[in-house]
Amino acid sequence: MYQTLLQYLKRYDFSFLGSFFAIFLVGVLNLYSATHSQSHEGLDMLYRSQIIWWLLASVVAVVVSVVFNPKTFERVSYFAYGVTFFLLILVMVMGDVGMGAQRWLQLGPIRMQPSEFMKLGLAMALARYFARVQPEKELTFRDLLIPGIIAGVPAIMVILQPDLGTGMLLLLIFAMMIFYKRLKWRTIITLVVGALVAGVLMYNFGLREYQRKRIHTFIDPYADAKGSGYNAIQSEIAIGSGRLFGKGFKNSSQASLQYLPENHTDFVFAIFNEEHGFFGSVFLVVLYLIMFMRLIWLASSVQRFYDSVLVVGIMSIFFWHTFVNMSMVSGLMPIVGIPLPMMSYGGSAMLTYGVCIGMVTAISNSRNFFN
Amino acid sequence: MFGEEELVKVHKTRAGMIGNIVFAAFGLLLARLWYLQVYKGEQLHQFSIQNRLRKEVVWAPRGMIHSRDDQLLVDNIPRYDAILTPQYLLEKEVTLEKLHKILMLEPGSIEKLLKKNQNQATYRPITIKKNIGFEELAQIESLNAELPGVSVQTFISREYKDKEVGAHLLGYISEISQQQLPKFRKRDAMDYRLGDFIGQFGIEEQLDKFLRGANGHEFVEVDSRGRRKRYINTDNLFKGIEDEKPNQGMNVKLTIDRDMQMAGYAALEGKVGSIIAIDIESGEVLAMVSRPAFDPSQFSRGLTPEYWRSLITNTENPLRDRNIQEHYSPGSTFKAITGISAFEEGVIDENTEVFCNGNLRFGRKVYHCWKQAGHGATSITKAIRESCNVFFQRAAMKMSIDTIAKYANMFGLGKRTGISLPREVSGLIPTEAWKQKRYGQVWQPGETLSCAIGQSYVLASTIQMAQAYGAIANGGKIYRPYVVKDIYTPKGEFIKTFTPELLSDFKLKNEKTLKYVREGLFQVVNNPKGTAFARRGKGIMMAGKTGTSQVVRATADKVYQKCEQMDYDYRHHGVFVGFAPYDKPRIAAAALVEHGCHGSSAATPVVEAVVTAYMQKYHPESYLENLEKDKDIHAQWVKTLKAAAPAEE
């Protein structure tokens, strides 16, 4: 009995699940620290609902990994994409306006953000397409037409919400997946050069004055410090003031003085850095790196090509979120609203991660079956 | 063709490259963090410790409120609070001792406050004394360096010049409470916070978005003890940060006349009740007073618990505006409407005479007239003049309640007047269908008799009665009552100007109807036999009707009991509604005095005072002319009385 259980557990990839769980633990503690002194009612209890969301996400992960097998994922790929796409349309028609953008969808008692689900839906649809249509072929321009539509239409819809950050993220996920599917180097270079030329032309002739100003703000936040520049500066002060070892748990002054906006969602990384310093951030970054490396390794060790592409897709969801969020908080990128996986507060995102983890685990376990 | 496993292998190179990309990305990120936390760490750390940029709200002054005669009713005055931020408190005992002395507080009281607030974050300031005087202010400011953590906060307080007068109309502002936060955030789509002030009653509530103005903000640099260092403008790091000046709220001019308010307030002294006066040719409300009242200034200064308790434990409910938020049985003042219905329906004409012997038997019930001996032969004018119940009940026997309700509705009763003030009640004019719906019972004919004299189910507010009598005076024009004339910017540009709104203009079929009803109303006040003759006033040529609103239905043995001998809570309310001057009506007014027993003695003087103030101020020639006429009328009546006296004996 004991032996069988051990045999069963051995199939699980603990380095991946371990890092995932560790990041979540750090995240909840950090969330507690970031919000314990908030004046807004309910915000100081946010870490509790985050735990509840995480428990829900874990249940989802277990169900997905135990009940389904990877072949099922492949079968339902387009269906999943279709459902999330339909939800996106619903948001456009009857969505709730929150924070100046139409992102939320209220269905009965459930309130959700379909653009979160779209990331996974997109990864699944692309994986199926690449696994079925000439899987051995290196991609050229012509082969990008249909995948481009699969990714481009929802991305544009999300950008129109308007949620520029999430829309760009969908495109980044798409980019990483076509790169994995062996997009030809010549095509890559043409694309990059074309994008640069188009960007310069857009900037000079296509953009309006205020849009240009936004770009200036990113390049030099100190020039417009009262607008979005104010957040950027406060965020940098928070990070920098942590120095090597940080100010200690619950000692963030920038957060408690409420200089940082949204310090329970997009700016959690700044609070973490202020309290735990450079060593703290190295620790956190390493945790994330373990997770990503393990996923990349998994992508090359599975038997089925669909599984491989899907794992790369899921990896890029996590990677781009993490990288974009950390970059914007530390001033490497302009501030767009992208949360940090497992660290920022957010229910829809948490559930999406739950499904992702479940899928990855199912794929990882099926691999060991044949050993 | 490749097998699946070969396919995966073929892509291994790209997987490796992706791994390199991930490494490179995080390498770049860690380099940036190194730059911020180690290379610039010391500098930024110093910055976060010593120099804190604080964004402070600069409150916008609320708009001012003027009366129609351009007198300032509501003003803003600065108010100072002493506040303490526990985070910055040093040498606690010494500081607190000094502070106790300066503010003349009981020793230990600040410690108590600190203890009470110990659960909240230490950077949040605690108010230790509200409304400090100039001397205290000067001491705190000059001892700034010795009192770390202590500072003075300036607020703009709302000052209501006439205190309680018109308090219900003007309303008050007060801090948003925890429970109200979500409601107001949703209503105005504004991110209110605790401590924000908002209009919560009357004009202050209704016009809040105009009066409020827009708060500004300024960036101040504070040191590690929370003391202001200097205003930001030189430091490179904060180059370009700009303050935003607040915008003062809009000013408001009311239709209300201050002198008439004062007169109404004084006339209600010692009474519980209300008075409202309306310009009948526009619907402008000229006076609107309800007593007991409250002092709105107390709310904006931060209500003391004692004052609040005194308000909510007062059984007379000073927070209620009795003009629009309360409805009563209109009593005999409703007889004018019954009379009009009967006339219009052809049930009576000017020659109809009814014999009143003091009571009326209907079915198994006996309906008493207020005059035990009866009024004898009674015509419509006499019935109104002497308020004969039997006359109107006999007329009502020949009509259905729905007919009476039709005319009552025409005169605006039974529905809200639509005055732009919060929480107006609608009153009630019953119909057969209404009773069926409300109680599931059939309408009893006897109930029509009670309703005909304004008792039973009939309910009306004073504003509705004033509007109805205004329509009797002006020949059927119903205007929406309004209290705001203009809204304008501090610079004097008009944002909104309110003009009369004619809601309906009906013509009665029989042109004699209003003539004889008005004649009756005139005699109520100006005929020695009229019920209000004793309180008729001088020089105003008023017409009107007294009424008694029964609080509990009088049982048979108590019908003729003296009202003054009853327990206070069981005494009738006194009502008077009228218009003036009779020959050229301009103003309609209604007053109600709770438990005042009689319309004539309790409510008539209130209306008379306000109407007199109006005539003296706005129509002085007419007032003087009418003073002369009064003498003539009086002399004439004395003569006819003398001539008639022997015959009556």
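Above this text is the structure in question.
Reading guide: rules and limits
- Here the residue numbering is sequential within each chain, running from 1 through the sequence in written order.
- Going through the entries in the order they are written, you letter the chains from A and number the ligands from 1.
- In view of the model being predicted, local features appear only for residues whose pLDDT reaches at least 70, and side-chain atom pairs are presented and counted only at 80 or more, with totals across whole chains, interfaces and linings using the full set of residues.
- The side-chain values count all of the structure's non-hydrogen atoms but skip hydrogen atoms and water molecules.
- Secondary structure elements are defined from DSSP: runs of H or I of at least 4 residues count as helices, runs of E of at least 2 residues count as strands, and each element is numbered from the N terminus.
- Exposure categories follow from relative accessible area, calculated using a 1.4 Å probe and restricted to protein chains: below 20% of the type maximum is buried, above 50% is exposed, and the middle band is partly exposed.
- Throughout, a contact is declared for two residues whenever any of their heavy atoms are within 4.5 Å.
- Here the Shrake-Rupley method, with its probe set to 1.4 Å, supplies the accessible areas, and only the displayed protein chains count as covering residues.
- Here, nonpolar core means buried Ala, Val, Leu, Ile, Met, Phe, Trp, Tyr and Cys residues that are tied together by side-chain atoms lying within 4.5 Å of each other.
- Pairs of strands are assigned from DSSP output, requiring at least two bridges between the strands.
- By convention, a stacked pair of Phe, Tyr or Trp rings (six-membered ring in the case of Trp) has centres within 6.5 Å and planes under 30 degrees apart, an edge-to-face pair has planes over 60 apart, and any other such pair is tilted.

J.: How should I be thinking about the overall build of chain A in this particular structure?
T.: Along the backbone of chain A there are 14 helices and 3 strands. Relative to its full complement of 371 residues, chain A shows a buried share of 55%. Sequence-distant contacts in chain A: of pairs separated by 6 or more residues, those separated by 24 or more amount to 74%. Counting every atom, chain A has about 16,100 Å² of accessible surface; 69% of that belongs to carbon and sulfur.

J.: Could you clarify how one ought to interpret the nonpolar core in this entry?
T.: Considering soluble globular proteins, one finds that nonpolar side chains tend to be buried as a cluster. Within the largest apolar cluster, 128 residues are counted, with the highest numbers of intra-cluster contacts made by Ile203(B), Leu254(B) and Met288(B). Considering each element in turn, this core owes the most residues, 9 residues, to helix H22 (residues 599-618) of chain B. Ile203(B) has contacts with Ile65(B), Leu169(B), Leu170(B), Gly171(B), Asp208(B), Leu211(B), Leu254(B), Leu421(B), Val483(B) and Val484(B), leaving out every residue within four places of it along the chain. Membership of the second largest hydrophobic core comes to 108 residues, among which are Met118(A), Leu126(A), Leu289(A) and Met350(A).

J.: Is there a simple way to explain the pairing of strand S3 (residues 72-84) of chain B in this structure?
T.: Along any regular strand, the residues point their side chains to alternate faces of the sheet. Residue and element names in this part refer to chain B. Taken across its 13 residues, S3 has 10 buried, putting it largely inside the fold. Note that strand S2 (residues 65-66) and S3 share 2 bridges and pair antiparallel. Bridge pairing in S3 places Ile-65 opposite Val-74. Between S2 and the antiparallel strand that follows it, S3, lie 5 residues; Asp-70 among them carries a positive phi value of about 60°. Of the pairings in the sheet, the one linking S3 to strand S5 (residues 150-160) comprises 11 bridges and is antiparallel in character. Within S5, the residue paired with Asp-81 across the bridge is Gln-153. Examined bridge by bridge, S3 and strand S4 (residues 126-129) share 3 bridges and lie antiparallel to one another. Bridge pairing links Ala-82 to Lys-129 in S4.

J.: Would you explain the packing of aromatic side chains in this entry?
T.: A ring pair, where both rings are aromatic, is described by two values, the distance of the centres and the angle of the planes. Residues and elements named next belong to chain A. Counted by the stated rule, this structure contains 37 aromatic pairs over all chains. Between Phe-319 and Phe-323, the aromatic rings sit 5.9 Å apart at their centres with planes inclined by 10°, giving stacked as the arrangement. Here Phe-319 pairs with Phe-323, and both are found in helix H13 (residues 305-329), just 4 residues apart, close to one helical turn. Since its relative accessible area comes to 0%, Phe-319 is described here as buried.

J.: Honestly, the pairing of strand S19 (residues 494-497) of chain B in this entry has me stumped. Any pointers?
T.: Residue and element names in this part refer to chain B. With 3 bridges joining them, strand S18 (residues 484-488) and S19 adopt antiparallel strand pairing. Each bridged residue has a counterpart across the sheet, and for Tyr-488 the counterpart in S19 is Phe-494. Remark: 5 residues form the turn of the hairpin made by S18 and S19, two consecutive strands paired antiparallel; Gly-492 in that turn has positive phi of roughly 100°.

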